[in-house]
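# Examination of the molecular architecture
Here is what each chain is made of, one letter per residue.
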Amino acid sequence: MAVHHGIKKKRAQGSSDIPLDEEGKADARKLAERLHKETWDVLYSSPLKRAKQTAEFISGKVGLTIQFDSRIEEASGGQIEGTTEPERIERWGEDWRSKELGIETPESVVSRGMSFVDDVLKKHKGKKVIVVSHGALISHLLRELDSENVGDEHMKNTSLSEVHFREGQWVCDRFNCTIHLD
């Protein structure tokens with residue numbers, strides 16, 4: 001189970017340690033209420049504030065202690081963190097994506113994310129695990145785990161995606177679901 005949250009101002013957040021705004025907190029409470037309806041065994045979270053706050057709401061509802069792991073922090077945005085698209089174009093030009101700005105590569109994100117997933121599978125095989133992380137990390141990781149069922153769709157804030165390890169492979173049974181926000 002992967003949970004994503006973020007902020008809506010279209011600023012690149014990356015690994016910046018930004019807290020949830022009021023709407024983010026309200027959405028995190030709704031997500032926690034949804035997860036409360038099931039039984040869970042383990043709760044992991046990125047240590048970044050916005051994930052930590054979301055995990056705290058979930059922890060309060062499902063009664064699990066949060067285990068923090070820096071491998072599930074958001075992809076680093078390097079120099080673009082805190083900027084909007086128009087600001088990036090003004091600073092580095094229309095082709096800013098092709099410049100070396102310290103942005104973490106998808107390969108790096110997948111590598112550390114898969115290290116986390118492999119460890120969780122070994123440690124908690126057969127358990128129901130909640131993972132609170134970030135949009136770019138989750139989308140890269142889910143595409144790596146199940147490219148047949150996961151596309152390039154933008155991850156919605158406090159969305160829920162569900163993966164299962166069955167017969168030696170990962171299957172994404174639910175992707176980017178926000179029914180709890182309606």
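First, a word on scope: everything that follows refers to the structure included in this document. This structure is a prediction, so every number in the text was calculated from the model and none was measured. (Residues numbered from 1 in each chain as written. Predicted model: local features only at pLDDT ≥ 70, side-chain atom pairs only at ≥ 80, totals over all residues. Heavy atoms only, no water.)

### Observations concerning unusual backbone geometry
- Its identity as a non-glycine residue notwithstanding, Glu-167 has a phi of 50 degrees, on the positive side.
- Relative to the elements of secondary structure, Glu-167 occurs in the loop between strand E5 (159-166) and strand E6 (169-177).
- In the Ramachandran plot, Asn-176 falls in the positive-phi region, its phi being about 60 degrees despite a non-glycine side chain.
- Tracing the backbone through its elements, the reader meets Asn-176 in strand E6.
- Under the relative-accessibility criterion, Asn-176 is labelled buried at 2%. (Helix = DSSP H or I, 4+ residues; strand = E, 2+ residues; numbered from the N terminus. Buried < 20%, exposed > 50% of the residue type's maximum accessible area, 1.4 Å probe, protein only.)

### Structural notes on the nonpolar core
- Core analysis: the biggest nonpolar cluster contains 24 residues, and Tyr-44, Phe-116 and Leu-142 have the highest contact counts within it.
- Contributing elements (two or more residues each) for this core: strand E2 (42-45), helix H4 (106-123), strand E4 (129-134), helix H5 (135-145) and E6.
- With seven residues, the top contributor of residues to this core is H4.
- Ranked by size, the runner-up nonpolar core spans 14 residues in total, among them Leu-35, Ile-58, Leu-64 and Val-132. (Core = buried A, V, L, I, M, F, W, Y, C linked by side-chain atoms within 4.5 Å.)

### Notes on the packing of aromatic side chains
- Counted under the stated rule, the structure contains two aromatic pairs.
- Ring plane angle 90 degrees and centroid distance 5.2 Å describe the contact between Tyr-44 and Phe-116, whose orientation is recorded as edge-to-face. Here Phe-116 lies in helix H4 and Tyr-44 lies in strand E2, a separation of 72 residues in the sequence. Taken as a pair, Tyr-44 and Phe-116 share a single burial class, namely buried.
- With a centroid separation of 5.0 Å and an interplanar angle of 55 degrees, the aromatic rings of Phe-165 and Trp-170 are classed as tilted.
- A residue is classified by how much of its surface remains accessible, and Trp-170, at 19% relative accessible area, is buried.
- Across the ring face of Trp-96, the terminal group of Arg-88 is positioned such that the distance to the ring centre comes to 4.8 Å.
- Between Lys-128 and the ring centre of Trp-40, over which it is positioned, the NZ or CZ distance is 4.6 Å. (Phe/Tyr/Trp six-rings, centres within 6.5 Å; stacked < 30°, edge-to-face > 60°. Lys NZ or Arg CZ within 6 Å of the ring centre and 35° of its normal.)

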